[in-house]
Amino acid sequence: MNISLENLNNSQKEAVLHTQGPLIIFAGAGTGKTRVITYRIAYLLEQGVKPYNILAVTFTNKAANEMRKRVNDLAGNIAQEVKVSTFHSFCLYLLSCETKNFGIDSNFLVYDMGEQVNVIKECIKELNLDDKKFKPTWVANRISRAKDDLDTPQDMNNDCQSKGDFYGKTISAIYELYQKKLKTYNAFDFGDLIMQTVLNLQEHPEILSKYQDKFQYILVDEYQDTNHAQYILTKMLAQKYKNICVVGDDDQSIYSWRGADITNILDFEKDYPDCKTVKLEENYRSTPKILERAWNVIKNNTGRVPKQLWTNNEDKGNINVFQNFDENDEATRVVDMILINRQNGYKFSDFAIFYRTNAQSRVLEDALRRQGIAYNIVGTLKFYERAEIKDIMAYLKLIHNPNDNVSFRRVVNVPKRGIGKSSMEKLEYFATSKGLSLYETLKFVGTDIIPRTSLVAMNSFRMIIEKNVMTIFNKTVKEIVETVIEDTGYIRELELSDNPENKNRIENIKEFVSAVEEFQRISPDKTLSGYLSQIALVTDIDSWQDSEDKVTLMTLHLAKGLEFKNVFITGLEEGRNEEEGGLFPIGKSAYNEQELEEERRLMYVGMTRAKENLYMTWATSRTVFGKPHFNMPSRFLLEAGFTEQLSNRSARNVVNNTPFRYKEDVSYAPIDKVDDNDTYKIGTIVYHQVFGNGKIIEKSGSGDNLKLIVLFSGGQWKKLLAKFANLTIIK
DNA sequence: TGAATCGATGTTTTT
DNA sequence: CATCGATTCA
């Protein structure tokens, strides 16, 4: 092996060659981050570092797979032994290896969000709490955040006690019961995977030491998205050798709502005072135009690590901003632009449509389907979240661990066996009083507790599980799945009904069977238990194929790390007031500086995905919950420097004749962040004699020179000199 | 027991 | 508006 570093620029080379000691790489969008990581690993191997001494952590399986593949291409088969995985699968691996030492039942499972919420519902019921006041999903969220911060139920309780937070104290009680239940069901949720790994390693220094010696070289990708628990985990592992390299971009931190702590990247230099810092600022992805606009947006954020992307790329392509009448108009416009632009030789797979919320995808899908354009939608109805898949999975989980009450409840009457609510309640009651799982209880109850017909049905259900439990080691996972489908008559039931949806469901189950087959082919751990623990960590984007010639639709969050020649960012709408909220920046985030900055980073991420053409669209009217809402253009459009745009009807004609023209206001004044005038605040609603009511979106200058940009209802806006505009403040 | 109907409720974003 | 849950009726 002989790694040539010819293909790297100086900063990249610096990052690759610094093999000993802590290193932080600020890698802006499109600056060849993955290339640096893969070269770095290859270079380490060339220097004689053993592959099994290297750990590379990413956030998605897709990123992990890609990295593994690219290291392999570069360094050859030796790279197979490098541990490349996501945080979650790494912890799963570690916990599975150490079940004995950590005192964990080796049959443990990973619960997904739905299952997590189910258990929480149970807890709320059991504690006689009002589920209106303690919304299960909200509680689940609170608990997950606590785990991200490594807070135990006791920590949470103490914390809330000292703050006098009565509500939070109750949540800590739910949290405590929830943990107890997870223990009896022998399950971990996502947060547990990380937190339990950390806690156990803290408790067992000798085992920690073993892993420190094993992973002497640690690489963390997307470091800006790590939460406290993940931060502690990497810090612990790296403590002995301090060969830790983290790669990230504070401007692309978009997961704080999931516990990601941006200070982890900003404070790295404090943790490792002797660390080396490398900034990658040369962008190889986008045109100068795109970078300039993206920069205009992101520079409005405070507390950034100073850096600015630049590029030598050819200045081609264009940026278009479209105002549309409503969301249907917007969708039609997007599809029109795809069809027009395709005549320039682009494939459908060169286009991506991004949106802020999943709900926006439907209208876009309809428009694409009308034109017969093939599309791939990533994220909404996740494959493994479909009811039919979850049903089959629940059977598998029960076979793996019959005490899993969550799965038991899910499928005891699926397909219909005539087991109703009242019978289940009786079983539940009896199980609670005996302290047994539902499945165990079923073995003891007689007709004195549950009516004969129901009991017979329940027992036939139990026999299906039992029969499969006995053969679990003689069969492949695929065979078990097939037996389950056969024994339960799941597909037969679907075939009987003439619900057209059922055809899809059957297709999905068949797809599921082939996915299981695929698992068997590639996974080293081919057992049922291996399968179940893997599958919980699989996400939609992992299986997304970019080889097909299809338009890609996804949320802006999922877009991170990807690139497309043509990018649409849709729904760029500013709300008119705090109560109604907007779409992007979403909801109340426009009124909270921290949240607003995260929205801005999300916009930045979206824009920097584009290689050649960027389209940004918004609609004056958008239907929300069946009611039309009137919005104004997003402030991000203004920040980017677009104060004029191709408007509704005229735009389409302009576009058809000269497709790639765009209007922009190059003299757009830089935004003055100093708020030295309290009369006119950003967000203030004002009245103008000619234009009516509007909202102040931006301001610049001061005193007599104070300039305001006011967006008036109806979507038009004006730059006004405050001195002459004679505005009346409404609110 | 289970299908049907009514009403409340909700949208960020997801490993 | 669409989905989920609870309540009602066959």
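Conventions adopted
Residues numbered from 1 in each chain as written. Chains lettered and ligands numbered in written order. Predicted model: local features only at pLDDT ≥ 70, side-chain atom pairs only at ≥ 80, totals over all residues. Heavy atoms only, no water. Helix = DSSP H or I, 4+ residues; strand = E, 2+ residues; numbered from the N terminus. Rg over C-alpha atoms; globule rule 2.2 N^0.38 Å. Buried < 20%, exposed > 50% of the residue type's maximum accessible area, 1.4 Å probe, protein only. Contact = heavy atoms within 4.5 Å. Areas by Shrake-Rupley, 256 points an atom, 1.4 Å probe, with all protein chains shown as cover. Axes fitted to C-alpha atoms, helices over the stretch in contact; angles between N-to-C directions. Parallel < 35°, antiparallel > 145°, perpendicular 65-115°, else oblique. Nonpolar A, V, L, I, M, F, W, Y, C, P; charged D, E, K, R; others polar. Pairing = 2+ DSSP bridges. Right-handed = clockwise from strand over helix to strand, strands pointing away. Phe/Tyr/Trp six-rings, centres within 6.5 Å; stacked < 30°, edge-to-face > 60°. Lys NZ or Arg CZ within 6 Å of the ring centre and 35° of its normal. Near = heavy atom within 4 Å. Polar contact = N/O pair within 3.5 Å; in protein donor to acceptor, adjacent residues only side chain to side chain. Salt bridge = Lys/Arg side-chain N within 4 Å of Asp/Glu carboxyl O.

### Some thoughts on the overall build of chain A
Argument step 1. In terms of helices and strands, chain A carries 32 helices and 24 strands.
Argument step 2. Computed over the C-alpha atoms, the radius of gyration of chain A is 28 Å, within 12% of the 27 Å expected from 2.2 N^0.38 for a compact globule of 731 residues.
Argument step 3. Each principal axis of the C-alpha distribution contributes one length, and for chain A these read about 85 × 60 × 60 Å.
Argument step 4. Across the 731 residues of chain A, 55% fall into the buried class.
Argument step 5. Nonlocal contacts in chain A, meaning residues at least 24 apart in sequence, comprise 73% of its contacts between residues at least 6 apart.
Argument step 6. Put simply, chain A shows about 32,500 Å² of open surface, and 49% of that area lies on carbon and sulfur atoms.

### A few points about the packing of helix 18 (residues 387-400) against helix 25 (residues 501-522)
Argument step 1. The contact between helix 18 and helix 25 brings their axes to 9 Å, and the two run at 45°. When the axes of helix 18 and helix 25 are compared, the pair comes out oblique. Contacts from Glu388, Ile389, Ile392, Met393 and Leu396 in helix 18 reach Arg505, Asn508, Ile509 and Phe512 in helix 25.
Argument step 2. When the residues that make up the contact of helix 18 with helix 25 are grouped by side-chain class, the tally is 6 nonpolar, 1 polar and 2 charged.

### Some details on the pairing of strand 2 (residues 54-58)
Argument step 1. Burial runs high along strand 2: 5 of the 5 residues are buried.
Argument step 2. In strand 2, alternate side chains face the same way, and those of Ile54, Ala56 and Thr58 on one face and Leu55 and Val57 on the other are all buried.
Argument step 3. Bridge analysis of strand 2 against strand 6 (residues 217-220) gives 4 bridges, and the strand direction is parallel. By the bridge assignment for strand 6, isoleucine 54 is matched with tyrosine 217.
Argument step 4. Of the strand pairs in this sheet, strand 2 and strand 3 (residues 83-86) are connected by 4 bridges, and their pairing is parallel. Pairing of alanine 56 across the sheet is with valine 84, part of strand 3.
Argument step 5. With helix 3 (residues 61-75) bridging strand 2 and the parallel strand 3, this β-α-β connection has right-handed handedness.

### Section: the packing of aromatic side chains
The geometry of two aromatic rings is summed up by the distance between their centres and the angle between their planes.
Argument step 1. Tallied over the entire structure, the rule returns 17 aromatic pairs.
Argument step 2. One aromatic cluster in this structure is built from Phe90, Tyr93, Tyr211 and Phe215.
Argument step 3. A cation over a ring is seen here: lysine 83 above tyrosine 93, with NZ or CZ 3.6 Å from the ring centre.
Argument step 4. Residue placement shows arginine 258 over the ring face of tyrosine 255; its charged tip is 4.0 Å from the ring centre.

### Focus on the sheet that holds strand 3
Argument step 1. Taken in spatial order, the 6 strands line up as 3-2-6-7-1-8 in an open sheet, and their pairing is parallel. Each end of this open sheet is capped by a strand with a single partner; those strands are strand 3 and strand 8 (276-280). Each neighbouring strand pair of the sheet contributes to a mean axis angle of 15°, computed without reference to strand direction.
Argument step 2. Pairing between strand 6 and strand 7 (residues 244-248): 3 bridges, direction parallel. Directly across from leucine 219, in strand 7, lies its bridge partner cysteine 245.
Argument step 3. Contacting strand 2 and strand 3, helix 3 crosses the sheet at an angle of about 165° to strand 3.

### Overview of the protein's contact with DNA strand B
Argument step 1. Taken together, 25 residues form the shell around DNA strand B, and within it Phe59, Lys135, Arg356, Ser422 and Phe625 come nearest.
Argument step 2. Protein-proximal atoms of DNA strand B, defined as those within 4 Å of the protein, fall in sugar or phosphate at a share of 50%.
Argument step 3. Here a sugar or linking oxygen of DNA strand B and a side-chain polar atom of arginine 258 are 3.4 Å apart.
Argument step 4. Side-chain polar atom of asparagine 413 to a phosphate oxygen of DNA strand B: 3.3 Å apart, as the coordinates give it.

### Quick look at the environment of asparagine 2
Argument step 1. Along the chain, asparagine 2 falls in the segment before helix 1 (10-17).
Argument step 2. Each C-alpha atom of the pair asparagine 2 and alanine 722 lies 66 Å from the other, and the pair is 720 residues apart in sequence.

### Structural notes on the protein's contact with DNA strand C
Argument step 1. Every residue close to DNA strand C is listed here: Lys121, Arg362, Phe625 and Gly626.
Argument step 2. Counted by class, the surface near DNA strand C contains 1 nonpolar, 1 polar and 2 charged residues.

### Observations regarding unusual backbone geometry
Argument step 1. The amide bond that connects valine 414 to the next residue, proline 415, takes the cis arrangement and shows omega of -5°.
Argument step 2. Cis rather than trans, the peptide bond between phenylalanine 584 and proline 585 has omega equal to 5°.
Argument step 3. Looking at the element boundaries, proline 585 is found in the loop between strand 15 (582-583) and strand 16 (586-587).
Argument step 4. With a phi angle near 50°, glutamate 222 is a residue other than glycine that sits in the positive phi range.
Argument step 5. Structurally, glutamate 222 is set in the loop between strand 6 and helix 12 (228-238).

### Digging into the pairing of strand 13 (residues 564-569)
Residues in a regular strand point their side chains to alternate faces of the sheet.
Argument step 1. Burial runs high along strand 13: 5 of the 6 residues are buried.
Argument step 2. Relative to strand 13, strand 10 (residues 351-355) runs parallel, the two sharing 4 bridges. Across the sheet, alanine 352 pairs through a bridge with valine 567, a residue of strand 13.

### Some thoughts on the pattern of salt bridges
Argument step 1. All chains considered together, the criterion is met by 48 salt bridges.
Argument step 2. Here aspartate 366 and arginine 369 are joined by a salt bridge, their closest N and O atoms 3.4 Å apart. You can see aspartate 366 and its partner arginine 369 sitting in helix 17 (residues 361-370), 3 residues apart, about one turn around the helix.
Argument step 3. Under the relative-accessibility criterion, aspartate 366 is labelled partly exposed at 32%.
Argument step 4. A salt bridge links arginine 410 to aspartate 391; the nearest nitrogen and oxygen atoms lie 2.8 Å apart. Remark: aspartate 391 occurs in helix 18 and arginine 410 occurs in helix 19 (residues 405-411); sequence separation between them is 19 residues.
Argument step 5. Owing to a relative accessible area of 31%, arginine 410 belongs among the partly exposed residues under this scheme.
Argument step 6. Overall, the relative accessible area of 7% leaves aspartate 391 in the buried class.
Argument step 7. Linked through salt bridges whose partners overlap, the residues forming this network are Lys33, Asp221, Glu222, Asp225 and Lys560.

### Focus: the environment of isoleucine 586
Argument step 1. Structurally, isoleucine 586 is set in strand 16.
Argument step 2. The spacing of isoleucine 586 and leucine 556 is 30 residues in sequence and 12 Å in space, taken between C-alpha atoms.
Argument step 3. Beyond its immediate chain neighbours, meaning those up to four positions away, isoleucine 586 contacts Arg356, Thr357 and Glu599.

### Concerning the side chain of glutamate 574
Argument step 1. Examined against the element boundaries, glutamate 574 turns out to sit in strand 14 (residues 573-574).
Argument step 2. When its relative accessible area of 1% is taken as the criterion, glutamate 574 is described as buried.
Argument step 3. At a separation of 2.6 Å, a polar atom in the side chain of glutamate 574 contacts the side chain of arginine 635.

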